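The chain contents come next:
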Amino acid sequence: MTDGSMTLAPMATPEPARLRHSLFAPDKRTAARNAQEARFRFYGLVAIVIALLALVWLLFSIFSAGLPAFRQTFVEIPVTLDAAVLDKAGHGDPAEMASVTTIGYGKLIGKALAAEIEAKGIDIGAMTPKDLVGMISENAAADLRDRVLADPKLLGTTVQFTALANGRIDGYFKGRVTMESAARDNNTSPEKLMLADKLVAAGVMDMRFNPGFLVMPDASDKRPEAAGLGVAIIGSLYMMAVVLCLALPIGVAASVYLEEFAPKNRWTDLIEVNIANLAAVPSIVYGILGLSFFINFAGLPQSAPIVGGLVLTLMTLPRIIIPTRAALKAVPPSIRDAALGVGASKLQTVTHHVLPLAMPGVLTGTIIGLAQALGETAPLLLIGMVAFVRDFPGAPLSGLFDPASALPVQIYNWTQRGDPGFVERASGAIIVLLVFLIIMNTAAIILRRRYERRW
Amino acid sequence: MKDLRLERDVQTETNKIEARKVQVYYGTNHALKDVDVDILDKTVTAFIGPSGCGKSTFLRCLNRMNDTVASAKVQGAITLDGEDIYDARVDPVQLRAKIGMVFQKPNPFPKSIYDNVAYGPKIHGLTRTKAELDEVVEACLRKAALWNEVKDRLQSPGTGLSGGQQQRLCIARAIATSPEVLLMDEPCSALDPIATAQVEELIDELRSQFSVVIVTHSMQQAARVSQRTAFFHLGNLVEYGETGAIFTNPKDPRTESYITGRIG
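Here the structure is a predicted model, which means the values were calculated and not measured. As a convention, each chain's residues are numbered from 1 in the sequence order in which they are written. Going through the entries in the order they are written, you letter the chains from A and number the ligands from 1. Per-residue local features of the predicted model are confined to residues with pLDDT of at least 70, and side-chain atom pairs are confined, for both listing and counting, to 80 or more; whole-chain, interface and lining totals are unaffected and use all residues. Note that the side-chain values use all heavy atoms of the structure and ignore hydrogens as well as water.

## With respect to the overall build of chain A
We count a stretch as a helix when DSSP gives it H or I for four or more residues in a row; a strand needs E for two or more, and each element gets its number in order from the N terminus. In terms of regular secondary structure, chain A is built from 20 helices and three strands. Restricting the calculation to C-alpha atoms gives the radius of gyration, and the globule rule supplies 2.2 Å times the number of residues raised to the power 0.38. For 455 residues, the compact-globule estimate of 2.2 N^0.38 gives 23 Å, and chain A exceeds it by more than 25% at 34 Å. If one aligns the C-alpha atoms of chain A with their principal axes, the spans along those axes are about 140 × 65 × 40 Å. The buried label applies to any residue whose accessible area, calculated with a 1.4 Å probe on protein chains only, is under 20% of its type's maximum; exposed applies above 50%, and partly exposed to all values in between. Buried residues in chain A amount to 43% of all 455 residues.

In structure tokens, the structure reads:
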């Protein structure tokens, strides 16, 4: 009997432990897991907050420093263009009139300003006529000269002339220059600032939107008030045009070949690895390549947008090829089967079906690549685009070979200058660059939304 | 739904496709061994067999879709009307216009219903005018029993149709190039029973104009729609003959095991 009951006894294998507790109270492990999750969420939140704070700080510092660059102090005075000074021979021939330098025009402007101050009944105290001329930008004489040479009929008449105020005066109204700093400054004086206040009160001087910041060329170290982004914007646009025209077709063609036509073997693997590596090569290396190949070997001109564009094309290519290949890979194979099944050729399958479906990815990749190229500085320094360029490049295509600057290089250039007026200029240029980038990224998003299709 | 019609006549005895000693390798894997099949004209031929038995592989050999698989290697001879389709002079693009294909998952192009059907005739230059193309599209959609459902929305996307409608659209697309043979790779596996019945009825109607080859997992479906059945097992063609004979009087014990549900 006992033997029999022994054999019927339950087996010795232990049952798995059950969770024996109320559902209303979490056990130890659950509590620990929940705490872990809460901690993880908190860390994530902290990271996001830090990132947002950094972004806010960045935008605040750039906009507070850069927005004043879009406004400028101007002096508006009537100037009598004395023919006896500006055209001594009296022939009205622009070629002869060109012999009068800006010094001659500067004197006229000084006289006009003195007359205007007197007419408004403002007391200038012990200030000399030379001090008065110092109120106005050195660039004003050149502006007036350009205007007269372009239209010799103005000789002998009195024109309403809007002159840029000197950078220090402008800085005074923007809070950069104070009475104390002016007292220590060779280029200005508290008297000049006080006179400026009076001129504003009399309506001769005022601050307004300055389109010149976007259209004028760069100016020399002493004239931050006259410096503009015109040449840099055109140079950047030319380079982007070159990059778009070269990198998009070459990149898409390379991606389509590698993804759809090339056999999968050791060579294509090698190419694939190299494309991935090229995307990570520091951009300055491309600058050295451009210097040695395009300038020293191919003999293309320095500082030219064509060279900048070619260098940036090399840099952008892998950044277009990688997302394009990913987009091609993401097209479902059933679409290829369907096209091949009705007798489409390989190329028809790609151009009619695969590429249109991959288009959102291709366009996004291209625009992101272009945006990166737009902000690239280092390779452009090496091919001489850092030069001081005052002349606008010509119209395409020959203009592509003229010297020009570029937006990021112009920013770098201005931060190197001594006059504090250029800090404001550099920040203003950063705003312009950011606006361009935002426009491009918005375009990428819109295009992606538009071409997005479900399958 | 039609009943199992095990007794039925084969209207023709001309061979459309003849396959002799077909071997397929995927890399080192010998996927198809010594397959000999004669596919008759104006007949529905069903390939049945358990998963991985090579029936889809063989189907894809018939219009050289295996060319797109880099590791696939096909040996042996397959002739269409006496011409070797693996001859060096044959352009697979031309071959696929003659041998249409419908896939397991409905795969309409993400274009309009009209463009889906018109694509084949367009790329092969089968029509000269827009009016002719319109006619072809209407005729194909009618043949695919889809015209009445879509005639008012030919410009809406083909991907917006229901699963069964999409598959019938794919059939319309496949017959728009006027193929001589229509290959169907489990065309009903993604469809519900009602859509399946519609497609099966359609297959029976298509038989009057095309030679149809259908791969299916469902033995009932093979019995319902086909006149000839081939049973594949582990890369071998085990038995091939009249559908009625295969299902009622199989000669090979493996066929019998499969159709009675003991293997597969």
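## Structural notes on unusual backbone geometry
In the segment running from Pro396(A) into Leu397(A), the intervening peptide bond is cis, with an omega of 0°. Tracing the sequence through the fold places Leu397(A) in the loop between helix 18 (378–382) and helix 19 (407–415). Even without being glycine, Ala145(B) reaches a positive phi, approximately 55°. Mapped onto the secondary structure, Ala145(B) falls in the loop between helix 4 (130–143) and helix 5 (147–150). Here Glu186(B), not a glycine, exhibits a phi torsion of approximately 45°, which is positive.

## Digging into the environment of Leu258(A)
Residues and elements named next belong to chain A. Looking at the element boundaries, Leu258 is found in helix 12 (residues 230–261). Residue classification places Leu258 among the buried positions, given a relative accessible area of 9%. Along the chain, Leu258 and Ile271 lie 13 residues apart, while their C-alpha atoms are 9.0 Å from each other. When checking whether two residues touch, look at their non-hydrogen atoms; a contact exists if any pair is within 4.5 Å. Those residues in contact with Leu258 that sit more than four places away from it in its chain are Lys264, Thr268, Ile271, Ile275 and Arg325.

## Notes on the packing of helix 2 (residues 28–66) of chain A against helix 20 (residues 421–451) of chain A
Residues and elements named next belong to chain A. Each axis is a line fitted through C-alpha atoms, taken for helices only over the stretch in contact, and angles between the N-to-C directions span 0 to 180 degrees. Direction vectors running N to C along helix 2 and helix 20 enclose 120°, while the axes themselves pass 7 Å from each other. If you check the angle between helix 2 and helix 20, you find them oblique. As helix 2 packs across helix 20, the resulting crossing turns out to be left-handed. Across from Ile62, Phe63, Ala65 and Gly66 in helix 2, the residues of helix 20 making contact are Glu424, Ser427, Gly428, Ile430, Ile431 and Leu434. Just so you know the grouping, Ala, Val, Leu, Ile, Met, Phe, Trp, Tyr, Cys and Pro go in nonpolar, Asp, Glu, Lys and Arg go in charged, and all remaining residues, Gly too, go in polar. Of the residues that constitute the contact of helix 2 with helix 20, the class distribution is six nonpolar, three polar and one charged. Working rule for angles: under 35 degrees goes down as roughly parallel, over 145 as roughly antiparallel, 65 to 115 as roughly perpendicular, anything else as oblique. We call a crossing left-handed when the near helix sits turned anticlockwise from the far one by less than a right angle, and right-handed when that turn is clockwise.

## Side note on the nonpolar core
Among buried residues, the Ala, Val, Leu, Ile, Met, Phe, Trp, Tyr and Cys ones that are joined through side-chain atoms within 4.5 Å form a nonpolar core. In terms of nonpolar packing, the biggest core is built from 53 residues, with Leu229(A), Val307(A), Leu312(A), Leu380(A) and Trp414(A) touching the most fellow members. Of all elements in the fold, only helix 12, helix 14 (283–297), helix 15 (305–330), helix 17 (346–374), helix 19 and helix 20 of chain A reach the threshold of two or more residues within this core. Counting residues per element, this core draws most heavily on helix 20 of chain A, which supplies nine residues. When neighbours within four sequence positions are excluded, Trp414(A) is seen to be in contact with Phe213(A), Asp218(A), Ala227(A), Gly228(A), Leu229(A), Phe422(A), Arg425(A), Ala426(A) and Ala429(A). Core analysis: the second largest hydrophobic core is formed by 47 residues, Ala172(B), Leu191(B), Val212(B) and Val238(B) among them.

## Looking at the side chain of Asp337(A)
When you line up the elements, Asp337(A) lands in helix 16 (residues 333–341). Residues scored as charged are limited to Lys and Arg (positive) and Asp and Glu (negative), so that His and the chain ends carry no count. Put simply, a salt bridge is a Lys or Arg side-chain nitrogen that is within 4 Å of an Asp or Glu carboxyl oxygen. For the buried Asp337(A), which has no salt bridge, the nearest side chain bearing the opposite charge is Arg60(B), at an N-O separation of 4.1 Å. Ignoring sequence-local partners within four residues, the contact set of Asp337(A) consists of Arg60(B), Met65(B), Phe103(B) and Asn107(B).

## Section: the packing of aromatic side chains
Residue and element names in this part refer to chain A. Pairing of aromatic rings covers Phe, Tyr and Trp, the last counted by its six-membered ring, and requires centre-to-centre distances within 6.5 Å; plane angles under 30 degrees mean stacked, over 60 mean edge-to-face, and any other angle means tilted. Across all of its chains, the model carries twelve aromatic pairs over all chains by this definition. With a centroid separation of 5.3 Å and 55° between ring planes, the pair formed by Tyr172 and Phe173 is classed as tilted. Taking relative accessible area as the criterion, Phe173 reaches 30% and is therefore assigned partly exposed. With centroids separated by 6.3 Å and ring planes inclined at 35°, the aromatic side chains of Trp414 and Phe422 adopt a geometry described as tilted. The pair formed by Trp414 and Phe422 is uniform in burial state, with each residue classed as buried.

## Looking at a nonpolar patch on the surface
Residue and element names in this part refer to chain A. Note on patches: the residues involved have over 30% relative accessible area and no salt bridge, like charges join within 9 Å, and the nonpolar side chains Val, Leu, Ile, Met, Phe, Trp and Tyr join within 5 Å. For accessible areas, the Shrake-Rupley method is used with a probe of radius 1.4 Å. Any residue's cover is judged against the shown protein chains and nothing else. There is a patch of nonpolar side chains on the surface, built from Ile48, Leu52, Leu55, Leu58, Leu59, Phe63 and Leu67 and spanning about 610 Å² of accessible area. Take Leu52: it is sitting in helix 2. Judged by its relative accessible area of 49%, Leu52 is partly exposed.

## Details of the interface of chain B and chain A
If you look at the interface, chain B gives 21 residues, while chain A gives 17 residues. Interface of chain B and chain A: buried area, both sides summed, is about 1,600 Å²; carbon and sulfur atoms make up 64% of it. Throughout, buried area stands for the accessible area (probe radius 1.4 Å) lost by two parts on being put together, summed over both. If you sort the residues of chain B by the area they bury against chain A, Phe109(B), Pro110(B) and Tyr119(B) come out on top, with a joint share of 32%. Any pair of N or O atoms that falls within 3.5 Å is considered a polar contact. Within protein, one atom must be able to donate a hydrogen and the other to accept it, and sequence-neighbouring residues count only if both atoms are side-chain atoms. The tally of links between chain B and chain A comes to four residue pairs in polar contact (both at pLDDT 80 or more).

## What about the confidence of the model for chain A?
Values of pLDDT, the confidence the predictor places in each residue, fall between 0 and 100. When pLDDT is averaged along chain A, the result is 87, and 95% of the positions lie at 70 or above. The element-level mean pLDDT for chain A is lowest in helix 1 (residues 2–8) of chain A, coming to 47, with helix 2 of chain A highest at 94.

## Thoughts on the pattern of salt bridges
Residue and element names in this part refer to chain A. With the rule as written, the count across this model stands at 29 salt bridges over all chains. Residues Glu272 and Arg325 are paired through a salt bridge, measuring 3.5 Å at the closest nitrogen-oxygen approach. Of this pair, Glu272 sits in helix 13 (residues 266–278) while Arg325 sits in helix 15; the two residues are 53 residues apart in sequence, bridging distant segments of the chain. Assessed through its relative accessible area of 9%, Arg325 is described here as buried.

## A word on the sheet that holds strand 3 (residues 205–209) of chain A
Strands in a sheet are paired, the pairing made by backbone hydrogen bonds, and the direction either parallel or antiparallel. Residues and elements named next belong to chain A. Pairing is antiparallel in the open sheet, where three strands are placed in the order 2-1-3. Edge positions in the open sheet fall to strand 2 (158–164) and strand 3, since each of these has one partner strand only. Neighbour to neighbour, the strand axes of the sheet diverge by 40° on average, direction disregarded. Strands are labelled as partners when DSSP assigns at least two bridges between them. Two elements, strand 1 (residues 71–80) and strand 3, share five bridges in a ladder whose sense is antiparallel. Note that in strand 3 the partner of Thr73 across the bridge is Met207. The strands touched by helix 7 (residues 139–150) are strand 1 and strand 2; relative to strand 2, the strand with the most contacts, the crossing angle is about 140°.

## Observations regarding the domain arrangement of chain A
Residues and elements named next belong to chain A. Looking at chain A, the domain boundaries give domain 1 (71–210) and domain 2 (230–451). The interface of domain 1 with domain 2 comprises six residues on the first partner and five residues on the second. Summing both sides of the interface, domain 1 and domain 2 together bury roughly 400 Å²; the carbon and sulfur share of this comes to 25%. When the buried area of domain 1 at its contact with domain 2 is split by residue, Gln72, Arg168 and Arg176 rank highest and sum to 73% of it. Domain start and stop positions are those given by an automatic or database domain assignment.

## Thoughts on the packing of helix 19 of chain A against helix 20 of chain A
Residue and element names in this part refer to chain A. Running from amino to carboxyl end, helix 19 crosses helix 20 at an angle of 165°, the nearest separation of the two axes being 8 Å. In terms of orientation, helix 19 lies roughly antiparallel with respect to helix 20. Crossing geometry of helix 19 relative to helix 20 is assigned as left-handed. For the pair formed by helix 19 and helix 20, the contact residues are Leu407, Ile411, Trp414 and Thr415 on the first element and Phe422, Arg425, Ala426, Ala429, Ile430, Val432, Leu433 and Phe436 on the second. Of the residues contributing to the contact of helix 19 with helix 20, the split by class is ten nonpolar, one polar and one charged.

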